[in-house]
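Fold and contact review
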Amino acid sequence: MALHIPKCLELVDLDQQMTSPAAKVPYYPLVVDKGKGATVTDVDGNQYIDLLASAGAINTGHCHPKVVEAIKKQTEQLILYTPVYMYHRPLIDLSQKLIEITPGNYRKRVFYGLCGSDANDGAIKMARTATKKKKILSFLRAYHGSTYGAISLSAVSLPMRRGLGPLLPEIHHIPYPDTYRTPFAGMSEEDVTAYSIERIKELFTTCVPAEEVAAIFFEPIQGDAGLIVPPTGYVKALRELCDTYGILLISEEVQQGFGRTGKWFGIENFDVIPDAIVMGKAIASGMPLGGVVAKAELMEQWEAPAHLFTAAGNPVCCAAASATIDVIKEENLRENATEIGAYTLSRFKEMQKRFEFIGDVRGIGLSIGVDLVKDRTTKERNTEAAAKVCYQAWQKGLLLSFFSGSVLRIQPPLVISKQQIDTALAKIEEAFEEYEAGAIPDSVLETVKGW
């Protein structure tokens, strides 16, 4: 039965008349009115279990009482006095907490921005200034954001780049170690690791001198590419390669940070210590904040105004971020991500035995990708299946999205309960059955636009 959404449709029509199409990848005509925990409600009163968490930004759940209270309390005291010129306690308190929870037993410093995108831009500036080198390596199919430096690092989608050049120079892209869609058939994890590291070495001997490379920007799980999990051996080999050539390893944790993988940061799953961590999204439970924590000496080579913003690190966002860290600790959300994530992964693997169009199930914690294919041998992406399943999920009261053309994105708030995930999984299984039976009309493809 179709959802009754007259108010949603009216507001969507107004929005589409006024806002830039470059700033939206719509999935459904859904106008969110309010959120609580792992659920959201639209303006027509329909309630949904949220499996997207506002693009992985709401790890503590929607409107967590302790985060809301911290925001309210801070807005009554001070909304902004720019930390560019003065100081304020919430920024200092947050900096201490971030230095404590980030990996690396070394002296650290922090800088702040407004989102993960500008945090990546700042990390580029920091790396070039600190090393006196200009070249940067990033990965094919990487996504780092929408500011010019972040777009230059990214290589996941042509619409991100088409017509926007010239982009930032001296950024080179290398293959990410994908153990599902391997470079050649029949490759093991060890083969993929060796091949991918060799491609970097080949770059160093042909067109990019290793001694001129400042940093490698690395997603510990490649997010928008479809939640690709690299082999542990690759991550360790990448660290060794960076050490050999004096290259900074920058872990880009905008999507995977703050407990999503069951660790504070995704890189910790591989027992590797980076030189810097880029963060955003979930850092402040939805308030606009991003930043970088890095070895102190890397930030002591530049000076203002090389990277500053009037409202970056404002008191309200810092208070929200401090409360976010406290909630993740106090409510054992990392442990919940590990437990619920392992259960969810196993349930999808059981479904994979039933449905031939499920090609791969992968992930760590509550960062899970379900890759839908037309054929398990060719592994051709099945965009139609992904779109139709997401549409049916929405009709059943779930917020489910897909990216990389075919990968269902399972990244709910970390507060999601066992009962809620069971309900969500049952509805997704129903949607799989309906797709398999050919019961979902092609007309829904005009409604659901994937990433």
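Check the entry above for the structure.
In this report, the structure presented in the accompanying data block is examined.

Conventions and cut-offs
Residues numbered from 1 in each chain as written. Predicted model: local features only at pLDDT ≥ 70, side-chain atom pairs only at ≥ 80, totals over all residues. Heavy atoms only, no water. Buried < 20%, exposed > 50% of the residue type's maximum accessible area, 1.4 Å probe, protein only. Helix = DSSP H or I, 4+ residues; strand = E, 2+ residues; numbered from the N terminus. Pairing = 2+ DSSP bridges. Axes fitted to C-alpha atoms, helices over the stretch in contact; angles between N-to-C directions. Parallel < 35°, antiparallel > 145°, perpendicular 65-115°, else oblique. Left-handed = near helix turned anticlockwise from the far one by under 90°. Contact = heavy atoms within 4.5 Å. Nonpolar A, V, L, I, M, F, W, Y, C, P; charged D, E, K, R; others polar. Expected span 1.5 Å × (residues − 1). Arc of directions from axis to C-beta.

1. Section: the pairing of strand β9 (residues 276-279)
In summary, the side chains of a regular strand alternate between the two faces of the sheet. Where burial is concerned, the two faces of β9 agree: the one with Ala276 and Val278 and the one with Ile277 and Met279 are both buried. Pairing between strand β8 (residues 248-252) and β9: 3 bridges, direction parallel. Note on β9: the bridge partner recorded for Ile250 is Ala276. In terms of strand pairing, β9 meets strand β10 (residues 290-295) through 4 bridges, oriented antiparallel. Residue Met279 lies in a different strand from β10, and its bridge partner there is Gly291.

2. Some points on the sheet that holds strand β2 (residues 39-42)
Taken together, the 4 strands give an open sheet; going across it, the order is β1-β2-β3-β13, and neighbouring strands pair in mixed fashion. The sheet is open, and its two borders are formed by β1 (32-36) and β13 (398-399), each paired with just one other strand. Here strand β3 (residues 47-50) pairs with β13 via 2 bridges, running parallel. Following the sheet pairing, Asp50 is matched in β13 by Leu399.

3. Looking at the packing of helix α3 (residues 65-77) against helix α10 (residues 315-330)
Across the interface, α3 lies against α10 with an axial gap of 8 Å and an inter-helix angle of 155°. Taken together, the axis directions place α3 and α10 in an arrangement best described as roughly antiparallel. Remark: the crossing between α3 and α10 carries right-handed chirality. Of the residues in α10, those touching α3 at Lys66, Val67, Ala70, Ile71, Gln74 and Thr75 are Pro315, Val316, Ala319, Ala320, Ala323, Thr324, Val327 and Glu330. Here the contact of α3 with α10 is composed, by residue class, of 9 nonpolar, 3 polar and 2 charged.

4. Topic: the environment of Ala387
Tracing the chain through its elements places Ala387 in helix α12 (residues 383-395). Through-space distance from the C-alpha of Ala387 to that of Phe402 is 7.4 Å; in sequence the pair is 15 residues apart. Other than its neighbours up to four places away in sequence, Ala387 contacts Phe402, Leu445 and Val448.

5. Quick look at the side chain of Gln222
Of note, Gln222 is situated in the loop between β7 (213-218) and α8 (232-245). Ignoring any residue separated from it by four or fewer positions in sequence, one finds Gln222 in contact with Phe139, Leu140, Arg141, Ala142, Tyr176, Leu227 and Ile228.

6. Section: the packing of helix α7 (residues 189-206) against α8
With their axes 9 Å apart at the nearest point, α7 and α8 run at an angle of 20° to one another. By the criterion of interaxial angle, the relationship of α7 to α8 is roughly parallel. Handedness of the α7/α8 crossing: right-handed. Contacts between α7 and α8 pair Thr193, Ser196, Ile197, Ile200, Lys201 and Phe204 from the former with Gly233, Tyr234, Ala237, Leu238, Leu241 and Tyr245 from the latter. In the contact of α7 with α8, the residues fall into 8 nonpolar, 3 polar and 1 charged.

7. Re the pairing of β2
Side chains Thr39 and Thr41 project from β2 onto one buried face, and the interleaved Val40 and Asp42 project onto a second face that is buried too. Examined bridge by bridge, β1 and β2 share 4 bridges and lie antiparallel to one another. Following the sheet pairing, Gly35 is matched in β2 by Val40. Where β1 folds back on β2, the antiparallel hairpin that results is connected by 2 residues, among which Gly37 adopts a positive phi of roughly 60°. Pairing analysis gives 3 bridges linking β2 to β3, with the strands arranged antiparallel. Paired with Thr41 across the two strands is Gln47, which belongs to β3. With antiparallel pairing between neighbouring strands as the criterion, β2 and β3 make up a hairpin whose turn holds 4 residues, including Gly45 at a positive phi of roughly 90°.

8. Topic: helix α13 (residues 418-436)
At 3.6 residues per turn, the α-helix brings residues three or four places apart onto the same side. Spanning 19 residues, α13 covers 27 Å between terminal C-alpha atoms, matching the ideal 27 Å at 1.5 Å per step. Three or more residues of α13 are buried, namely Ile421, Ala424, Leu425, Ile428, Ala431, Phe432 and Tyr435. Buried residues in α13, looked at end-on, bunch into an arc of 120°, giving them a common side. Just downstream of α13, Gly438 is the residue with a positive phi angle, here 75°.

9. Observations concerning the environment of Gly369
Structurally, the position occupied by Gly369 is in strand β12 (residues 367-372). The sequence separation of Gly369 and Gln411 amounts to 42 residues, and the corresponding C-alpha distance is 8.7 Å.

10. Things to note about unusual backbone geometry
For the bond from Gly165 to Pro166, the omega torsion is 0°, close enough to zero to count as cis. Residue position: Pro166 is located in the loop between α6 (148-153) and β6 (171-174). Residues other than glycine seldom take positive phi values, yet Glu170 does so here, at roughly 65°. Among the structural elements, Glu170 can be located in the loop between α6 and β6. For Glu170, a relative accessible area of 33% gives the class partly exposed.

These results come straight from atomic positions and should not be treated as a statement about function.
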